[in-house]
Amino acid sequence: MAFDNALEAITTDNDVRWAFGTGFHDPLAGIDTAVPAGIESADLATYCLMLGDDALVMSHRLQEWCANAPELEEEVALANIALDLLGQARLLLTRSGRAEGAGRSEDDLAFFRDEAQFRNVRLVEAPNGDFAFSIARLLMFATWRLALLDHLASSRDPVLAAIAAKGVKEVAYHREHAALWTVRLGDGTDLSHRRMQEAMEAVWPLTGELFRTHEIERRMADAGVGVDPAAVRAEFDDVLDRVLAAATLRRPDPSDAEPSERSGRHGVHSEAMSGLLTQLQSVARAHPGGTW
């Protein structure tokens with residue numbers, strides 16, 4: 001099935017993975033991307049940048065599992081999840097650039113910003129660690145993001161709402177996939193149980209930031225455009241508790257996830273971010289404007 005533009009792809013029920021290799025250069029080509037009346041364009045641009053950066057960096061980390069996953073089927077699964085998130089990143093970064101009005105494209109935002117200009121949460125930039133760590137991170141990220149996207153599907157910005165509605169279908173699978181692996185490892189052998197428990201405890205300190213509301217997120221929520229991440233904490237906890245119970249895993253100590261005052265949303269990143277961006281941006285910076 002082919003689509004004339006990205007909006008058809010993100011609003012039509014289909015199983016086509018349209019985000020990569022589809023041939024259209026602008027993922028929002030032909031779409032009315034004017035900022036609706038009453039919405040602050042600068043805030044919308046920054047908000048979409050936050051969501052887009054989360055997806056872009058998480059996609060990159062998942063892509064690093066290619067040729068490294070424990071089985072071939074899992075390499076395919078993680079690659080598809082990474083492509084889903086890359087598609088979300090393309091749309092969100094393009095939406096950000098259009099709202100900003102400075103002429104920056106998705107490529108400009110992905111490949112030609114410096115570390116301090118990225119607004120992703122630090123959960124997504126941490127090194128992959130072992131397979132259990134990456135599964136624990138994916139579970140927590142997907143659970144949190146699915147809750148956000150579900151609320152964003154009714155955003156006052158129709159472009160953001162359409163992106164979120166498509167993303168809900170994708171991230172629901174991401175969460176299910178991570179949950180199944182969590183149960184498989186947690187309720188498996190003594191060794192797999194121990195390593196999955198250790199992974200949960202290693203990832204948990206990175207989750208506090210997910211629910212600390214940035215001023216942009218608060219303003220966008222008040223305007224009916226975005227979501228206050230603190231509002232989805234109960235949903236996150238409920239899903240996580242059910243998965244951990246099925247996996248016979250202990251919930252990490254809540255005090256270990258206390259958020260810091262400043263975070264990735266403010267451009268304050270971990271040491272891992274520099275190396276990640278070096279890899280992510282190397283080709284684009286070596287051959288600016290290159291096409292193939």
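Note that the coordinates shown come from a computational prediction; the quantities given were computed from them, not determined experimentally.

Novice: Describe the confidence of the model for the protein chain, naming the residues involved and giving the relevant values.
Specialist: The predicted model of the protein chain has a mean per-residue pLDDT of 90, with 89% of residues at 70 or higher. Scored below 50 in pLDDT, residues 1–7 shows 15 contacts in the model against residues more than four places distant or in partner chains. Every residue in residues 14–24 is under pLDDT 50, and counting partners more than four places away or in other chains gives 24 contacts.

Novice: Let's hear about helix α9 (residues 233–246): which residues, and what values?
Specialist: For α9, which comprises 14 residues, the first-to-last C-alpha distance of 20 Å matches the rise-based estimate of 20 Å (1.5 Å per residue) to within 8%. Burial in α9 covers these residues: Phe236, Asp237, Val239, Leu240, Val243 and Leu244. For α9, the elements touching its buried residues are α5 (131–152), α6 (158–186) and α7 (190–203). Where α9 terminates, the next one or two residues include Thr248, which has phi positive at roughly 55°.

Novice: Quick one: what's the story with unusual backbone geometry, residue by residue and with numbers?
Specialist: Despite not being glycine, Ala67 shows a phi value in the positive range, around 75°. Relative to the assigned elements, Ala67 resides in the loop between α2 (41–63) and α3 (72–100).

Novice: Can you lay out the pattern of salt bridges for me, pointing to particular residues and giving the numbers?
Specialist: Oppositely charged side chains are able to pair whenever their charged atoms sit close together. Under the defined criterion, the tally for this structure stands at 19 salt bridges. Here Asp43 and Arg219 are joined by a salt bridge, their closest N and O atoms 2.8 Å apart. Taken together, the residues span a long stretch of sequence, with Asp43 in helix α2 and Arg219 in helix α8 (residues 215–222) at a distance of 176 residues. Overall, the relative accessible area of 9% leaves Asp43 in the buried class. Judged by relative accessible area, which is 38%, Arg219 ranks as partly exposed. With a closest N to O distance of 3.2 Å, Arg194 and Glu198 form a salt bridge. Taken together, the residues span about one helical turn, with Arg194 and Glu198 both in helix α7 at a distance of 4 residues.

Novice: Describe the packing of aromatic side chains, with residues and values.
Specialist: One pass over the structure, following the stated rule, counts 4 aromatic pairs. Ring centres of Trp65 and Phe131 lie 5.7 Å apart, and the angle between their planes is 85°; this geometry places the pair in the edge-to-face category. Pair noted here: Trp65 is in the loop between α2 and α3 and Phe131 is in helix α5, with a separation of 66 residues, a long-range link. On the basis of relative accessible area, Trp65 is assigned to the buried category, the value being 8%. The class of Phe131 is buried, set by a relative accessible area of 13%. An angle of 80° between the planes, with centres 4.9 Å apart, marks the rings of Phe131 and Trp181 as edge-to-face. Of the two residues, Phe131 is situated in helix α5 and Trp181 in helix α6; the sequence distance between them amounts to 50 residues. Considered together, Phe131 and Trp181 belong to a single accessibility category, that of buried residues. Three or more aromatic residues link up through ring pairs in this structure, and these residues are Trp65, Phe131 and Trp181. Sitting over the ring of Phe118, Arg113 keeps its end group 4.0 Å from the ring centre.

Thresholds, definitions, all that
- What you see as residue numbers is a count from 1 along each chain, following the sequence as written.
- Only residues with pLDDT of at least 70 get local features here, since the model is predicted, and only at 80 or more are side-chain atom pairs given and counted; chain-wide, interface and lining totals rely on the full set of residues.
- Side-chain measures were taken over the full set of non-hydrogen atoms in the model, leaving aside hydrogen atoms and water.
- pLDDT is a per-residue confidence score from the predictor, ranging from 0 to 100.
- Any pair of residues with heavy atoms lying within 4.5 Å of one another is described as a contacting pair.
- Each helix is a run of DSSP H or I of at least 4 residues and each strand a run of E of at least 2, with the numbering of both proceeding from the N terminus.
- Given the number of residues in a helix, its expected span is that number minus one, multiplied by 1.5 Å.
- Per-residue accessibility, obtained with a 1.4 Å probe over protein chains only, is compared with the maximum for each type, and a residue is labelled buried under 20%, exposed over 50%, and partly exposed between these values.
- Any Lys or Arg side-chain nitrogen found within 4 Å of a carboxyl oxygen on Asp or Glu counts as a salt bridge.
- Ring geometry is summarised as follows: Phe, Tyr and Trp rings, the Trp one being its six-membered ring, pair when their centres sit within 6.5 Å, and such pairs are stacked at plane angles under 30 degrees, edge-to-face over 60 and tilted between the two.
- Only when the NZ of Lys or the CZ of Arg is both within 6 Å of the ring centre and within 35 degrees of the ring normal is a charge said to sit over the ring.

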